[in-house]
Amino acid sequence: MTDTIEADLLAESEYVGRLYARLDELRAEKLEQLERTRAQGAVGTFQNMSERDSFATLYEDRIAQLDAVEDRLVFGRLDMAANGRQQQPGDADSAATPRYIGRIGLSDEDLNRLMIDWRASEAAPFYQATALNPRGVRRRRHLMLKGRSVAGIEDDVLDETWLDEGHTHHGEGALMAALREKRTGRMGDIVGTIQAEQDAIIRAQLPGAVVVQGGPGTGKTAVALHRAAFLLYEYRDRLKNAGVLIVGPSNSFMRYIERVLPSLGETGVVMSSVGDLYHGIHAVPEANRTVARLKGQLSMAKVIANAVRNRQRLIPEDRTLVVEGTRLVLTPKMVKNARERARHTRKPYNEARETFVKVLVGELAEQLRRKLEESAGQSSTTDRSYLPQEVRESHDVRVALNLCWMPMTPQQLVAELFATPHLLAAAAPHLAEHERDALYRRAGSPFTEADVPLLDEAAGLLGDFADPLEGSRTAQYEADVENAKAALRNMHTMLENAGIDGVVTAEQVAGVNQETAVRLTAAERAVADRTWAYGHIVVDEAQELSPMQWRLLIRRCPMKSFTIVGDIAQTSAASGASSWSQALEPFFGDRFELEELTVNYRTPAQIADAAVRVAQAAGLRITTPQAVREGDWPPVLTRTTADGVQEAVLAALREELEYSAGGLQAIIVPQQDLARIRAAVEQVYGDRVGSGSGGLSQDIVVITARESKGLEFDGVLILEPAELVDEVDGGVGDLYVAMTRTTQRLHVVHARELPEGMEA
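Reading the values: rules and limits
- Residues numbered from 1 in each chain as written.
- Predicted model: local features only at pLDDT ≥ 70, side-chain atom pairs only at ≥ 80, totals over all residues.
- Heavy atoms only, no water.
- Helix = DSSP H or I, 4+ residues; strand = E, 2+ residues; numbered from the N terminus.
- Buried < 20%, exposed > 50% of the residue type's maximum accessible area, 1.4 Å probe, protein only.
- Contact = heavy atoms within 4.5 Å.
- Areas by Shrake-Rupley, 256 points an atom, 1.4 Å probe, with all protein chains shown as cover.
- Phe/Tyr/Trp six-rings, centres within 6.5 Å; stacked < 30°, edge-to-face > 60°.
- Lys NZ or Arg CZ within 6 Å of the ring centre and 35° of its normal.
- Salt bridge = Lys/Arg side-chain N within 4 Å of Asp/Glu carboxyl O.
- Pairing = 2+ DSSP bridges.
- UniProt positions renumbered as here; feature names shortened; annotations may be inferred.
- Expected span 1.5 Å × (residues − 1).
- Lys, Arg positive; Asp, Glu negative; His and termini not counted.
- Axes fitted to C-alpha atoms, helices over the stretch in contact; angles between N-to-C directions.
- Core = buried A, V, L, I, M, F, W, Y, C linked by side-chain atoms within 4.5 Å.

Going by what an unreviewed UniProt entry lists, the protein is known as DNA helicase and is assigned to Glutamicibacter nicotianae.

So, in structure tokens, the structure goes:
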């Protein structure tokens, strides 16, 4: 048997070496093509240069993909029955060519297939075949790689006739081996161990909304990411230009998952936390739960609309304006007429303002013309076409028109709304006074995650900022065009000598003097364009989203093609959902499919059961996925005094680090204790300690329950569970999350009484 194992390992190693050799060949080929393309330089027509840049981008993307799949390039092999069907009694022992399953598809120079992309239909049996429905599979082999070498093989035999042949190898199992691996602070893909119920969701069709409900440890985040990779493979023609957006709860979470999709061969997906969904704004968490609840209500869309409309002001009485020494009169009737004409365009605020300004500048210029002719006794035939420009550039006119209809950015509108009580009262008359008082904040305060959908709402109503009173940039561009025409006449011979064949316009040359547009990928363009419509959106921890955040996301994907992932029992946000129907029906109606994951792969049963007891004692209706392993340790509860909390945490941490033996250890603490506990731990363990979005690279992480959402650790130490409950107004969602982050051990340190259900 040992000889058989060694022989199979040698054979598999030789084939894997062949696959890596082909990977190296492709990488070298693309690098050579890229260097050759770059060497062409900036010569030829603008079309030629554009094509060169396109090819360079194509080669760069392919090189990035080939680099990203280096680790565990191949992980599976399928031995199929002849003609893809299960061998029947009397059949000749003629097996089909083995199918190797890997991160991407590979073929040799003669286009003979060497490895199948895991997303291809031919690879589906690797995940879906069972003893009851083998789908033509005789043996499924898992390849465990270490670097570029085959370190082990695991076989699942689905054809009983192979059991007697001795060519099968069994051990702990690929899934259990993966579950017992030490955590690294970065999420790994599960492409080699996807289970059948997960695969069914991953390969679901693109159109519509799929909701993936799953308790802690069911792999719902991994399923969502692998589904994104599958959709980009299966529907590439539909998604390559529109793209896919992945939204997560925090920057810690986004950093945790950022390597998964590149490892699956996809590098062009847009990833964003809820605080970064508005380009240019890095929002902070909303600490005030009352404010988060109020700003998350759909009625805030009307508040923002009112705030925009209220900025289109009338004047109570005539106003005198001086233009080049001549006194003009701006009347309330003139302003009202201009405002109505601007509103009738139905354009966004800043664009409609152009009409408002044009109307009033025209009327004031006519006033000025009449007064000048009356004072000079000149006829109306005198050329006075310059008068509108003089009116437009007048200080008095600019001030008056801006007071009536000030150009606004979304940031200005939202910031001033909450910093100016009378503006908020006018825009939100339905709110009680104490609610408006809660929303008030001082000017200059940072934007919060609850502000992001309000900024997006305002941006849609305001439109692009273009001040019609500013004509200098257009005038400069026109001057540049004239200069360019003269330059081209003088430089024609020189351009030919430089290899440019004359297909150059004055406008193109003038554009060089303007702000140069950098060549962007679809993903990069999507990030910078608030109006971008994605082909598909994946939302993780979706139970935490407010109605206004959902409204923002629907605007980003009008086709409503979504993968929605979460667990209602883990809701802790003030404006989060208590059911999927409550969250989604206002936007999707009943047009969403609910799928449920039923197996807990991460959390040992002893710890998962304790978390379930806490949730059920609080009255939560939760799914209880079946844990795949019992675990070696029950939860450890350490009682201390209020004065001894810090020392108790350090003592418990010493104990847990011994058990974890180099694993990743989290200390989950109430927000109010974060700085104090982190400082105490850093004093003892120095640079081994991390915190926040950048802390997952360290082996000790001090973090809040909110920041821990979606993450996993070898060991978790929770400080003062009762305070975690108090932080979210008595809800146990954050505590439930914190208890289920561990893959091995859970240790609880407390001075206060434990929440109901924590003690068995």
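Student: Help me out: how do you make sense of the overall build of the protein in this one?
Tutor: Scanning the protein from N- to C-terminus turns up 29 helices and 22 strands. Looking at the protein as a whole, 51% of its 760 residues are labelled buried. For the protein, contacts bridging at least 24 residues in sequence account for 74% of all contacts bridging at least 6. Element-wise, carbon and sulfur atoms account for 49% of the exposed surface of the protein, whose accessible area totals about 35300 Å².

Student: Would you mind showing me how to read the packing of aromatic side chains here?
Tutor: What describes a pair of aromatic rings is the distance from one ring centre to the other and the angle between the planes of the rings. Enumeration over the complete set of coordinates arrives at nine aromatic pairs. A network of ring pairs unites the aromatic residues F75, F126 and Y127 as a single cluster. Geometry around F418 places K295 over its ring, the cationic atom sitting 4.3 Å from the centre. The side chain of R745 reaches across the aromatic face of Y659, ending 3.6 Å from its centre.

Student: Is there a simple way to think about the pattern of salt bridges in this case?
Tutor: Where charged atoms from two side chains of opposite charge approach closely, those side chains can pair. Summed over the entire model, instances satisfying the criterion amount to 47 salt bridges. A salt bridge links D155 to R139, with the nearest nitrogen and oxygen atoms 4.0 Å apart. Placement of D155 in strand β6 (residues 149–157) and of R139 in strand β5 (residues 137–146) is noted, with a sequence separation of 16 residues between them. In this structure, D155 and R139 share a single accessibility class: buried. The salt bridge partner of D734 is K709, with a shortest N-O separation of 3.8 Å. Here D734 is found in helix α29 (residues 733–739), whereas its partner K709 is found in the loop between β20 (700–704) and β21 (713–719), with 25 residues between them in sequence. Comparing D734 with K709 shows no difference in burial state: the two are buried. The network of salt bridges with shared partners includes D8, E12, R77, D79, R139, R141 and D155.

Student: Is there a simple way to explain the pairing of strand β11 (residues 326–330) in this structure?
Tutor: The side chains of a regular strand alternate between the sheet's two faces. Only one face of β11 is buried: it carries T326, L328 and L330, and the other face, with R327 and V329, is open. The pairing of strand β10 (residues 319–323) with β11 spans five bridges and is antiparallel. By the bridge assignment for β11, R319 is matched with L330. Counting the residues that bridge the hairpin from β10 to β11 gives two residues, and of these E324 lies at a positive phi of roughly 50 degrees.

Student: I'm lost on the pairing of strand β22 (residues 742–750) in this one. Help?
Tutor: Along β22, nine of the nine residues are buried, which leaves the element largely enclosed by surrounding structure. Relative to β22, strand β17 (residues 636–639) runs parallel, the two sharing four bridges. Opposite R639, over in β22, you have H750 as the bridge partner. Looking at chain direction, β21 and β22 are connected through six bridges and run parallel. When the sheet's bridge partners are listed, L717 is paired in β22 with H747.

Student: Looking at this model, I keep getting lost on the UniProt feature "binding site: ATP" (unreviewed entry) in the protein. Mind explaining?
Tutor: The feature "binding site: ATP" (unreviewed entry), as given by UniProt, occupies G214, G215, P216, G217, T218, G219, K220 and T221 in the numbering adopted here. Position of G214 relative to the elements: it lies in strand β7 (residues 209–214). Along the chain, the position of G215 falls in the loop between β7 and α6 (220–234).

Student: How should the environment of I667 be read in this particular structure?
Tutor: Its location among the elements puts I667 in strand β18 (residues 665–669). Spatially, the C-alpha atoms of I667 and F713 are 9.9 Å apart, while their sequence positions differ by 46 residues.

Student: I'm lost on helix α26 (residues 645–660) in this one. Help?
Tutor: Structural remark: α-helix, 3.6 residues per turn; residues separated by three or four positions point the same way. An ideal rise of 1.5 Å per residue puts 22 Å on 16 residues; α26 measures up with 22 Å between its terminal C-alpha atoms. Tucked inside the fold, the buried residues of α26 contact β18, α27 (674–685), β20, β21 and β22. Taken from the residues just after α26, A661 is the one with a positive phi, measuring 50 degrees.

Student: What is the right way to read the sheet that holds β6 from this model?
Tutor: Strand pairing in a sheet is mediated by backbone hydrogen bonds. Such pairs are either parallel or antiparallel. Across the sheet, which stays open at both edges, the six strands sit in the order β3-β4-β2-β1-β5-β6 with mixed pairing between neighbours. Two strands bound the open sheet, and with one partner strand each, they are β3 (106–107) and β6. Bridge count for β5 against β6 is eight bridges, and the pairing is antiparallel. Counted as the bridge partner of R141 is D155 from β6.

Student: Sorry, what's going on with the side chain of D540 here?
Tutor: Counting through the fold element by element, D540 comes out in the loop between β12 (536–539) and α23 (547–556). One buried charged residue, D540, forms no salt bridge at all, with the nearest opposite charge on K220 at 6.3 Å. Other than its neighbours up to four places away in sequence, D540 contacts T221, V247, G248, P249, F253 and V565.

Student: Can you help me understand the sheet that holds strand β9 (residues 270–273) in this one?
Tutor: The six strands are arranged β9-β8-β12-β13-β7-β14 in an open sheet whose pairing can be described as parallel. Whereas interior strands pair on both sides, the edge strands pair on one side only; in this sheet they are β9 and β14 (592–597). Adjacent strand axes in the sheet meet at a mean angle of 15 degrees when their direction is disregarded. Sitting on the sheet, α6 touches β7, β8 (244–248), β12, β13 (562–566) and β14, and the angle it makes with β13 is about 170 degrees.

Student: Looking at this model, I keep getting lost on the nonpolar core. Mind explaining?
Tutor: Note on soluble globular proteins: their nonpolar side chains tend to be buried together. Formed by 85 residues in total, the largest nonpolar core has its most connected members in F356, W550, L553, F562, I564 and F588. When residues in this core are grouped by element, the largest group, 10 residues, is from helix α13 (residues 349–376). Filtering out sequence-adjacent residues up to four positions away, I564 remains in contact with A209, V210, V211, V212, V539, A542, W550, W580, L584 and F588. In terms of nonpolar packing, the next biggest core, distinct from the first, is built from 72 residues, Y127, L239, L264 and F713 among them.

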